[in-house]
Every structure is written in structure tokens, then in C-alpha cells.
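Tertiary structure, described
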Amino acid sequence: MPGAPMERPSPSLRWDLYCRVVDNFGDVGVCWRLATQLAALGDTVRLVTDDPSALAWMAPPGARPAGVSVWPWPGPAGVAAPIVVEAFGCELPAATLEAMRRTDPVWINLEYLSAETYVERSHGLPSPRSDGLRKWFFYPGFTPGTGGLLREPGLAARRAAFDRDAWLRVQGVPRREGERVATLFCYDNPALDALRSALADAPTLLLLTPGPAQRLVPQGTSLPGHLRTAALPWLSQEDFDHLLWSSDLNAVRGEDSFVRGLWAGAAMLWQAYPQHDAAHKAKVEAAIGQLALPSDVGAAWRAWNGMAPWRGLPALAGWQPAIEAARDRLWRQDDLVTQLRHFAIQRLRG
Ligand code: TRH
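Quick caveat, the model's predicted, so the values are computed rather than measured.

Further remarks concern the packing of helix α10 (residues 254-264) against helix α13 (residues 316-331). Relative orientation of the contacting elements α10 and α13 amounts to 100°, with a least axis distance of 8 Å. Here α10 is positioned roughly perpendicular relative to α13, judged by the angle of their axes. Listed contacts from α13 to G261, L262, W263 and A264 of α10 are I323, A326, R327, L330 and W331.

Okay, the nonpolar core next. Nonpolar side chains in soluble globular proteins tend to be buried together. If you look at the biggest cluster of nonpolar residues, it comprises 61 residues, and the most contacted ones within it are L184, L262 and W301. Each of domain 1 (14-149 + 333-348) and domain 2 (155-331) accounts for three or more of the residues forming this core. Ignoring any residue separated from it by four or fewer positions in sequence, one finds L262 in contact with F142, M268, L291, I323, A326, R327 and L330. L13, V30, A39 and A54 belong to the second-largest nonpolar core, a separate cluster that totals 36 residues.

Take the sheet that holds strand β1 (residues 14-19) next. An order of β3-β2-β1-β4-β5-β7-β6 is seen for the seven strands of this open sheet, with the pairing classed as mixed. What marks the edges here is a single partner per strand, and that holds for β3 (68-72) and β6 (126-128). The mean angle between the axes of side-by-side strands here comes to 25°, regardless of whether they run parallel or antiparallel. Note: β1 against strand β2 (residues 44-49), six bridges, orientation parallel. Bridging across to β2, C19 finds its partner in T49. Helix-sheet contacts for helix α1 (residues 26-40) involve β1, β2, β3, β4 (83-87) and β5 (106-110), and the interaxial angle to β1 is about 170°.

Any space left empty among the atoms is revealed by the rolling of a water-sized probe across them. In this model, the largest pocket occupies a volume close to 670 Å³. When residues of the lining of the largest pocket are traced back to their parent elements, those giving at least two are α1, α2 (55-58), α9 (237-245) and α10. When the residues that make up the lining of the largest pocket are grouped by side-chain class, the tally is 20 nonpolar, nine polar and seven charged. Here the lining of the largest pocket spans two domains, and each of domain 1 (14-149 + 333-348) and domain 2 (155-331) adds at least three residues to it.

We now examine empty space enclosed by the protein. Within this structure, the stated rule accounts for three cavities of 30 Å³ or more. In this structure, the largest cavity is lined by 14 residues; those nearest its centre are V30, L113, P140, L150 and L336. No other element matches α10, which puts three residues into the lining of the largest cavity. Residues that form the lining of the largest cavity fall into these classes: ten nonpolar, one polar and three charged.

According to the domain assignment, the protein contains domain 1 (14-149 + 333-348) and domain 2 (155-331). On a C-alpha basis, the centroid separation for the pair domain 1 and domain 2 is 28 Å. Across the boundary between the two partners, domain 1 contributes 20 residues, which contact 23 residues of domain 2. With its nearest N and O atoms 2.8 Å apart, the salt bridge here joins R33 to D256. At four residues, α1 tops the list of elements feeding residues into the side of domain 1 that touches domain 2.

What follows deals with the site of the ligand. The immediate surroundings of the ligand are formed by 23 residues, with Y187, L235, R253, D256 and S257 found nearest. The backbone of D23 places a nitrogen or oxygen atom 3.5 Å from an oxygen atom of the ligand. Separating a nitrogen atom of the ligand from a backbone N or O atom of L235 is a distance of 2.7 Å. In the complex, 98% of the free accessible area of the ligand, which totals 700 Å², lies under the protein chains. Taken atom by atom, the bulk of the ligand overlaps the largest pocket. Among the secondary structure elements, those contributing two or more residues to the shell around the ligand are α1, α2, α9 and α10. Considering each element in turn, the shell around the ligand owes the most residues, four residues, to α10. Partitioning the shell around the ligand into residue classes produces ten nonpolar, eight polar and five charged. Mapped onto the domain boundaries, the shell around the ligand takes at least three residues apiece from domain 1 (14-149 + 333-348) and domain 2 (155-331).

We now examine the side chain of R341. Relative to the elements of secondary structure, R341 occurs in helix α14 (residues 336-348). Among the residues examined, R341 registers a relative accessible area of 8% and is labelled buried. A polar side-chain atom of R341 sits 2.8 Å from the main-chain carbonyl oxygen of P11.

Contact geometry for α9 and α10: axes closest at 9 Å, N-to-C directions at 50°. Judged by the angle between their axes, α9 and α10 are oblique. Taken as a pair, α9 and α10 cross one another with a handedness that is right-handed. The residues of α10 that touch α9, namely those facing Q237, F240, D241, L244 and W245, are D256, S257, R260, G261 and A264. When the residues that make up the contact of α9 with α10 are grouped by side-chain class, the tally is four nonpolar, three polar and three charged.

Rules and cut-offs
Residues numbered from 1 in each chain as written. Predicted model: local features only at pLDDT ≥ 70, side-chain atom pairs only at ≥ 80, totals over all residues. Heavy atoms only, no water. Axes fitted to C-alpha atoms, helices over the stretch in contact; angles between N-to-C directions. Helix = DSSP H or I, 4+ residues; strand = E, 2+ residues; numbered from the N terminus. Parallel < 35°, antiparallel > 145°, perpendicular 65-115°, else oblique. Contact = heavy atoms within 4.5 Å. Core = buried A, V, L, I, M, F, W, Y, C linked by side-chain atoms within 4.5 Å. Buried < 20%, exposed > 50% of the residue type's maximum accessible area, 1.4 Å probe, protein only. Domains from an automatic or database assignment. Pairing = 2+ DSSP bridges. 1 Å grid on protein atoms, 1.4 Å probe; cavity = no way out; pocket = protein on both sides within 12 Å on 5 of 7 lines; lining within 4 Å. Points joined across faces, edges and corners; volume = space filled by probe spheres on them. Nonpolar A, V, L, I, M, F, W, Y, C, P; charged D, E, K, R; others polar. Salt bridge = Lys/Arg side-chain N within 4 Å of Asp/Glu carboxyl O. Near = heavy atom within 4 Å. Polar contact = N/O pair within 3.5 Å; in protein donor to acceptor, adjacent residues only side chain to side chain. Areas by Shrake-Rupley, 256 points an atom, 1.4 Å probe, with all protein chains shown as cover. Sits in = over half its atoms within 2 Å of the grid points. Left-handed = near helix turned anticlockwise from the far one by under 90°.

Written as C-alpha cells, this is what we have:
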């Protein structure tokens with residue numbers, strides 16, 4: 001087109017991505033998403049992790065792109081990739097640091113997601129070190145001043161074309177006529193009984209993910225009212241999305257599922273990863289504000305996180321549009337991978 005600016009073609013990049021699994025599945029879940037999204041753009045990623053076990057169900061072998069290789073900790077010997085990502089301050093192996101001192105790659109620390117205001121202040125800052133290396137801090141987030149959220153290209157179109165009844169039938173949990181569907185992925189949660197009672201007010205199929213949800217929710221005949229439950233196996237990340245897309249209410253936990261719940265656009269309850277110093281309460285409060293949740297939904301989120309008494313389940317009819325509105329706002333921002341590549345390329349060019 002005459003007069004249009006010439007876009008520089010995006011180079012293919014090589015990344016080393018280091019991930020130590022602290023607890024649960026969010027660390028490796030986020031790293032896997034990041035690695036596969038980079039590979040889909042033509043990049044090559046060596047994912048080094050001390051615990052790849054969850055990848056067996058998150059990313060079954062047939063679903064793994066050629067551009068990603070998984071390495072046991074401490075990773076490949078020899079030369080570091082031009083871009084090294086340290087996920088969540090996991091502390092790089094000594095041999096990797098030694099290799100990095102020889103080539104001085106772009107070293108990026110990918111931080112945890114939060115809606116708190118410190119994220120904008122800290123995003124993109126460098127931290128020089130006494131050995132001459134420099135580490136950059138990259139913060140995911142909800143505002144244009146942050147690194148954005150993980151979101152695959154084409155996600156909205158796939159979501160829009162999805163047939164939930166067909167998918168539920170294939171999983172062996174067909175929905176009955178007029179029944180609503182809820183998904184439960186949670187930590188231990190004293191508000192669970194209150195949620196169950198509230199869900200029993202109308203015909204509901206409650207789908208339980210492995211872990212606390214299946215351990216804590218009694219299954220079978222003792223359930224009150226109109227509620228029936230079904231226990232699911234661990235699903236691939238792709239099918240976990242399908243599960244969230246099939247539901248009218250998603251109770252999700254941790255950071256990665258928070259984002260997937262948002263992209264699903266259904267009514268959502270979020271349980272933050274509980275921290276001993278109660279730091280998660282500030283995260284919940286910031287998320288309620290950032291998503292501009294209506295007051296009854298905000299109250300339910302606080303109750304779900306042990307910050308207030310449970311006062312009932314908000315009507316889904318008002319709750320769902322609020323999540324959808326937040327999602328639509330966030331969809332207008334650049335996704336995390338677009339921003340991270342841009343950030344890395346700028347620093348590679350010095
Ligand atoms: O598993 P989590 O509780 O991980 C947590 C959080 O990330 C927390 O912030 C972190 O500090 C702590 O770990 C150490 O929740 P999260 O983040 O949602 O990660 C779950 C991953 O598992 C996510 O990528 C979705 C995926 N998943 C599937 O792929 N299939 C499934 O069936 C289920 C239930 C989850």
C-alpha cells in the first residue's frame with residue numbers, strides 16, 4: 001500500500017525458559033503456555049523445569065509443538081540462548097549463570113500476575129548485578145502500563161464457535177434439559193458448603209476438577225436440592241478451556257485459571273493462592289477493583305476468599321455481563337507474548 005510504513009519482519013528468536021515448580025500447577029502451566037505461544041510464532045524454546053510431571057496431562061505428547069523442547073533441571077550445558085527467562089524468580093542454575101556471563105543474553109524475570117498498583121511501577125525495570133549481568137523485570141497485568149495477559153491468537157473465534165453440549169457429551173457428562181453448569185477448581189475453602197447450597201436452588205451440574213474440589217464436595221445422593229456432581233480427570237490445557245467455556249459459572253483458583261476464566265466470559269469466582277501473610281487479600285481486592293465487578297459479585301469474591309461472610313450467590317444474569325465487559329476491555333490490549341517479544345527484541349538491539 002503506497003505511503004504505509006514498512007513493517008520490519010519479526011525475527012525468529014531463541015529462548016531458554018527456566019521454571020521451578022513451587023506448588024500446584026500454575027508455574028509450569030504459565031511456562032507451557034508461554035513456550036507454545038512463542039513456538040507458534042516460529043521461535044525456539046528450551047523449557048527447563050525441575051518437575052515436568054503435570055505436562056503429561058496439561059500437554060499430552062500429541063499436543064506438543066516442535067519448537068519447544070523440555071529439559072530436566074539444570075538444563076542444557078554450554079551456550080545460553082540469546083534470551084533467558086527466569087520464571088517467578090526461580091533462581092537460575094549456577095552453570096547457566098556462568099554461561100550467561102560469557103555471552104550476556106537478555107535476561108528477563110517473568111513475575112506473577114497481580115492487579116495491584118506496584119505492577120505498573122515495577123514493570124520493565126532493570127536490575128544491574130555486580131557480575132556485569134543485568135536482569136529485567138517483566139510483570140503481567142491488566143493495564144496498558146503492564147506486560148499484559150497470556151492470550152493465544154484466534155482465541156475469541158474458537159470460543160465463539162464452541163459447542164458446549166457436544167463437548168460435554170464427549171466427556172461423558174451430558175447436560176440435562178434446562179440445567180446450568182458450574183465448574184469447581186479450588187483450594188480448601190470454608191465457603192464451599194455455602195456455594196453448594198446456593199447452587200442447589202436451581203438444576204445444576206457441578207463439575208469437579210481433581211484435588212480439593214473432589215475431596216471436599218460429597219458426591220452422590222447426599223447432595224441437596226437440584227444439584228448433581230460429576231468428577232472429571234485432569235484435562236489438557238486445551239480441554240480445560242473447553243470446560244470453562246461449557247460452564248455458566250466458573251470457580252477458579254490461582255493465576256493462570258483466573259485468566260482462562262476471564263477469557264471464558266462466564267460468571268466467575270476467583271480464589272487467590274492463599275499466602276501465610278494474607279498478601280492474597282490485597283490481590284483479591286485489587287482484582288475486584290480492576291475488573292470493576294458489581295458490589296454483590298465483589299462481596300461473593302471476598303467471601304470465597306475468607307475475607308467476609310457469605311451473603312449468597314449473585315444472580316448469574318448480572319454477573320456474566322460484568323465478566324464479559326471486563327474481558328472485552330482486556331481483549332483490546334496487546335497480549336503478553338506480543339509484548340514480551342517486543343521487549344526482548346528492543347533489548348537485543350541494544
Ligand atoms: O494450580 P494452581 O493453584 O497454581 C498456583 C497458582 O499459580 C499460584 O499463584 C502459584 O503461586 C502457585 O500455584 C504456586 O492454579 P493455576 O495458576 O490456575 O494453574 C493451574 C494450571 O493447570 C493452569 O495452567 C490450568 C491447568 N489445568 C489443566 O490444564 N487441566 C485441568 O484439568 C486443570 C484443573 C487445570
